[in-house]
Amino acid sequence: MVNPFVRHRGKVVALPRANIDTDQIIPKQFLKGIDRTGFGPNLFHDWRVNPDFELNHPTAEGATILVTGPNFGCGSSREHAVWALVQYGFRVIVAPSFADIFLANCYRNGLLPVRLTESDVDRLIRNAASGSYELVVDLEEQIVTHERGGFSSPFNADPYGRQLLLRGLDEIGRTLLEEERIVAYERSHL
Amino acid sequence: MSPTLFDRVWREHVVEELADGVSLLYVDLHLVHEVTSPQAFAGLRREGRRVRRPERTLATVDHNVPTGDRSLPIADPVSALQVDSLDANTREFGIELFGLTSPRQGIVHVIGPELGATQPGMLIVCGDSHTSTHGAFGAFAIGIGTSEVEHVLATQCIVLSKPKNLETRITGCRAPGVTAKDLILALIGKIGTAGATGHVIEYTGDAIRALSMEERMTVCNMSIEAGARAGLIAPDEVTFAYLEGRPRAPQGKEWGRAQERWRTYRSDPGATYDATVTLDASRVGPQVTWGTTPGMVADITGRVPDPAQFPTASEREAATRALAYMGLEPGTPLEGIPIDRVFLGSCTNARIEDLRAAASVVRGRHVAARVRALVVPGSQRVKAQAEDEGLDRVFRDAGFEWRNAGCSMCLGMNDDVLGEGERCAATSNRNFEGRQGKGGRTHLMSPVMAAAAAIEGHLVDVRGW
Ligand code: SF4
């Protein structure tokens, strides 16, 4: 059970790179735990050792919306990548495209992936350079806006992912309610 | 409408259509390993839930296990913790485990097929993206996250929206020295690492039919590197011959019935796909990657590309970053790039045929002076079989280290890692920054190409060896 995601307002930080993979998001030396916690401090570890890395910039402090390049989250199925992003403090990732398994993992952890066009993402990346750029992301209305105008873009969330996020649904509990159907399937197929 | 192979397998597994465009699907086989499962078991325990179908669940340890001496305790306490947790969890929930000392232990995607547990028409899931490997048998096999692992453990079902279907038709005859790995790398080079996002790939064409079962696994394995959810190949006589007599395959009278059923898992002649791409196998040469994604790949006769030549700003930027990371200059011929390490292993290329092919290149030769080379069989069975065939001697005599089974340097979670700036010829599937160790530089290629590189000490065209 995770916190529902309905609407979020937060500071934007940009990481203008394509194909950021799960090994970058959380390098494998940090995957050896058996808990779901403690991944936040090691988010992007191998890049963060570089003082010039975007998230090390003082203005990145407190950012909760990450704007980045296409095919974000490619690579492994490890949910640790999503846990690390969430535990670091991100609530929204904006990118032109995402890897499929990563998307599925986001919906189950209260992290909203927002797909915008490449040109909208480029605009946000430029806007975020000010270091104090904020956006409002509304999942109910499926729209991203800058409150003082200047940016507004609707997006299409995956319908099921949207429901998981809006309701913070216990998916297992819900499926267990289908017990009869599952039993019927097993009878007829196994 | 005439269904595709994927349509058929999907349809057979629908328990119920749910709202919001998703279906509840029944999972036939759930494979579990030590890295992505502990939190799922903890979740079950916290909610007081049980594993619905322990007999449809198989576990092994592969990702972070040491590949050295198995009689010693695991030196890394955190690795040991995950291995011990899986042991305790599988005991508590009644799941069969092929543990560290089992003669059947190995990389999860190697042992599933090897046991005959992977079968045509199944829906197979595992908390690992390379679950796509099992699609080589005509199964719908997908990688899932830990929350979904917990869901499958508790319900034996998974909630999915149906991906689209991309036909990849590979035709023509491969030249000698060109392998299944080269076909899939060339395909990824052609369509890009996000080329099949949102799709499952069905591989068709005479070049696919001509592949052995193990070669088909190599192709399906890297479907995920093309962005696909899964890869499938319709089962045929090659598939059945591979499965016959395996411990978990149907036996006796069941075998005939199973085969009959499996033959129905195919696309109708007039079936329609959402998209089709083609590849001419006769035009593919041995491939090597030059960058930090599997799509940054070229023929061994090619050169390191000039980032300025790429069409879009984001590609130019990515290529520039990749070359800086890889320590390569534009225009450098790929053949001749010196290497420090060689890794023969992973769920892509560590089955017996891979080891045989690599051994045939290595036999009677010696690893170059400055190169450290490693063979990590995909499973303990593969290892034992290779030893029966004397392949271990061939590798050892040539100066390779001969290890126990595991993922090893594919992802560098155990002690087998690249040092900063070390360059490696690898038969695995990912060349991301830091994948094989922080600062390590990976060139992906086939087992014969990696073996030849080990001997020469640099990237080299294996054709004509
Ligand atoms: S061998 Fe590599 S790619 Fe395959 S399962 Fe292990 S870590 Fe993943």
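See above for the structure.
Residues numbered from 1 in each chain as written. Chains lettered and ligands numbered in written order. Predicted model: local features only at pLDDT ≥ 70, side-chain atom pairs only at ≥ 80, totals over all residues. Heavy atoms only, no water.

The next thing to look at is the overall build of chain B. When you go through chain B residue by residue, the secondary structure sums to 15 helices and 19 strands. Over its C-alpha trace chain B gives a radius of gyration of 21 Å, about what one expects of a compact globule, namely 23 Å for 465 residues. C-alpha atoms of chain B, sized along the principal axes, occupy 55 × 55 × 45 Å. Relative to its full complement of 465 residues, chain B shows a buried share of 67%. Contacts in chain B between residues at least 24 apart in sequence constitute 76% of all its contacts with a sequence separation of at least 6. Summing over all exposed atoms, chain B offers an accessible surface of approximately 15,300 Å²; the carbon and sulfur share of this is 49%. Charge centroids of chain B, computed over 50 positive and 57 negative side chains, lie 2 Å from each other. (Helix = DSSP H or I, 4+ residues; strand = E, 2+ residues; numbered from the N terminus. Rg over C-alpha atoms; globule rule 2.2 N^0.38 Å. Buried < 20%, exposed > 50% of the residue type's maximum accessible area, 1.4 Å probe, protein only. Contact = heavy atoms within 4.5 Å. Areas by Shrake-Rupley, 256 points an atom, 1.4 Å probe, with all protein chains shown as cover. Lys, Arg positive; Asp, Glu negative; His and termini not counted. Charge placed at Lys NZ, Arg CZ, Asp CG, Glu CD.)

The next thing to look at is the overall build of chain A. Broken down by element type, chain A carries 8 helices and 7 strands. Counting only C-alpha atoms and orienting by the principal axes, one finds that chain A spans roughly 60 × 40 × 25 Å. For chain A, with 190 residues in total, the buried portion stands at 58%. Within chain A, contacts between residues at least 6 apart in sequence are counted, and of these 67% link residues at least 24 apart.

Okay, the environment of Glu-433 of chain B next. Within the element layout of this structure, Glu-433 of chain B appears in the loop between strand 18 (423-426) and strand 19 (441-444). For Glu-433 of chain B and Val-277 of chain B, which are 156 residues apart along the polypeptide, the C-alpha to C-alpha distance reads 29 Å. Ignoring anything within four residues of it in the chain, the contact list for Glu-433 of chain B reads Gln-24 and Trp-47 of chain A together with Thr-292, Arg-321 and Tyr-325 of chain B.

Below, the discussion takes up the sheet that holds strand 2 (residues 23-26) of chain B. As a general point, the strands of a sheet are linked pairwise by backbone hydrogen bonds and lie either parallel or antiparallel. Residues and elements named next belong to chain B. What the 3 strands build is an open sheet, ordered 1-2-8; its pairing is antiparallel. Unpaired on one side and paired on the other, strand 1 (14-17) and strand 8 (157-160) mark the two borders of the sheet. When strand polarity is set aside, the average angle formed by the axes of neighbouring strands in this sheet is 20°. Where strand 1 meets strand 2, 3 bridges bridge the pair, whose relative direction is antiparallel. Among the inter-strand pairings, Glu-17 is bridged to a residue of strand 2, identified as Ser-23. (Pairing = 2+ DSSP bridges. Axes fitted to C-alpha atoms, helices over the stretch in contact; angles between N-to-C directions.)

Another aspect to go through is the packing of aromatic side chains. For the structure on display, the rule yields 19 aromatic pairs over all chains. Of the aromatic side chains, those joined through ring pairs into one cluster are Phe-44, Trp-47 and Phe-53 of chain A. Over the ring of Trp-47 of chain A we find Arg-17 of chain A; its NZ or CZ atom is 4.3 Å from the centre of that ring. Just above the ring of Tyr-242 of chain B sits the side chain of Arg-246 of chain B; from NZ or CZ to the centre is 3.9 Å. (Phe/Tyr/Trp six-rings, centres within 6.5 Å; stacked < 30°, edge-to-face > 60°. Lys NZ or Arg CZ within 6 Å of the ring centre and 35° of its normal.)

Accessible area lost upon the coming together of the parts serves often as the stated size of an interface. Each side of the interface is counted separately: chain B has 64 residues, and chain A has 55 residues. Carbon and sulfur atoms make up 53% of the surface buried where chain B meets chain A, a total of about 4,800 Å² over both sides. Inspection of the chain B/chain A interface yields 9 salt bridges. Where Glu-186 of chain A meets Arg-53 of chain B, a salt bridge forms, and the shortest distance between an N and an O atom there is 2.9 Å. Here chain B is connected to chain A by 29 residue pairs in polar contact (both at pLDDT 80 or more). Contributing elements (two or more residues each) for the side of chain B that touches chain A: strand 1, strand 2, helix 2 (38-47), helix 3 (77-93), helix 5 (146-155), strand 8 and helix 11 (313-326) of chain B. (Buried area = accessible area lost by both parts, 1.4 Å probe. Salt bridge = Lys/Arg side-chain N within 4 Å of Asp/Glu carboxyl O. Polar contact = N/O pair within 3.5 Å; in protein donor to acceptor, adjacent residues only side chain to side chain.)

Before going further, it helps to examine the sheet that holds strand 12 (residues 275-280) of chain B. Residues and elements named next belong to chain B. The parallel open sheet is built from 4 strands, whose spatial order is 11-10-9-12. In this open sheet, the two edge strands, each paired with only one partner strand, are strand 11 (230-232) and strand 12. Ignoring which end each strand starts from, the neighbouring axes of this sheet average 25° apart. Where strand 9 (residues 164-171) and strand 10 (residues 199-204) come together, 6 bridges link them in parallel fashion. Across the sheet, Glu-167 pairs through a bridge with Glu-202, a residue of strand 10. Contacting strand 9, strand 10 and strand 12, helix 6 (residues 180-191) crosses the sheet at an angle of about 125° to strand 12.

Turning to the nonpolar core, a few remarks are in order. Counting 125 residues, the largest nonpolar core has Phe-44, Phe-72, Leu-85, Phe-90 and Phe-102 of chain A together with Phe-395 and Phe-400 of chain B as its most contacted members. Of all the elements, helix 15 (residues 447-456) of chain B adds the most residues to this core, at 8 residues. If we ignore the near neighbours within four places in the chain, the residues touching Phe-400 of chain B are Val-342, Leu-344, Val-362, Val-367, Ala-373, Leu-374, Val-375, Phe-395 and Ala-454 of chain B. By size, the runner-up hydrophobic cluster in this structure holds 79 residues, among which are Val-51, Ala-59, Met-217 and Val-219 of chain B. (Core = buried A, V, L, I, M, F, W, Y, C linked by side-chain atoms within 4.5 Å.)

This structure, assessed with the given rule, holds 45 salt bridges over all chains. One salt bridge connects Asp-120 of chain A with Arg-123 of chain A, and the closest N-O pair in it is separated by 3.5 Å. Of this pair, Asp-120 of chain A and Arg-123 of chain A both sit in helix 5 (residues 118-128), 3 residues apart, roughly one helical turn. One salt bridge in this structure joins Arg-53 of chain B and Glu-55 of chain B, with 2.9 Å as the shortest N-O distance. Three or more residues joined by partner-sharing salt bridges are found here, namely Glu-179 and Glu-186 of chain A together with Arg-52, Arg-53 and Glu-55 of chain B.

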